[in-house]
Amino acid sequence: MISMFLNVANRSSSAISELQVDALSKQAIVTFKDGDTYAYGNVSTRAIVHLMFSPDVSLGFWVNNNLLKSERTELLNGDQFDYTKALQYRGTKYNKSEV
């Protein structure tokens, strides 16, 4: 399956350092300010699209309501999600000449 995580940019949060979402695979990766990173599966596609197109939505509010307190989402473990591969490209810039 193709993974297409997008960074949710231009938002500040007192608890969240970075949030990446993939509406196609219904997954989200959240990195908290303390450095802990978690991946969630079965995230609402509607919630992901709303987050991407609504710049006023608070990251903390979104993570609490759609990841932490949602009954539908599941925390993905190492068998379900390759954390090493996901974190390998974090913060790297796309270079078209290398593709």
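Residues numbered from 1 in each chain as written. Predicted model: local features only at pLDDT ≥ 70, side-chain atom pairs only at ≥ 80, totals over all residues. Heavy atoms only, no water.

Summing up its helical and strand segments, the protein has three helices and five strands in all. In the protein, which comprises 99 residues, the share counted as buried stands at 36%. Within the protein, contacts between residues separated by at least 24 positions form 46% of all contacts whose residues are at least 6 apart in sequence. Carbon and sulfur atoms make up 51% of the accessible area of the protein, which totals about 6,800 Å². (Helix = DSSP H or I, 4+ residues; strand = E, 2+ residues; numbered from the N terminus. Buried < 20%, exposed > 50% of the residue type's maximum accessible area, 1.4 Å probe, protein only. Contact = heavy atoms within 4.5 Å. Areas by Shrake-Rupley, 256 points an atom, 1.4 Å probe, with all protein chains shown as cover.)

Next up on the list: the confidence of the model for the protein. The predicted model of the protein has a mean per-residue pLDDT of 83, with 76% of residues at 70 or higher. Here residues 91-99 scores under 50 on pLDDT; set against residues more than four positions off or in separate chains, the count is one contact. (pLDDT = per-residue confidence, 0-100.)

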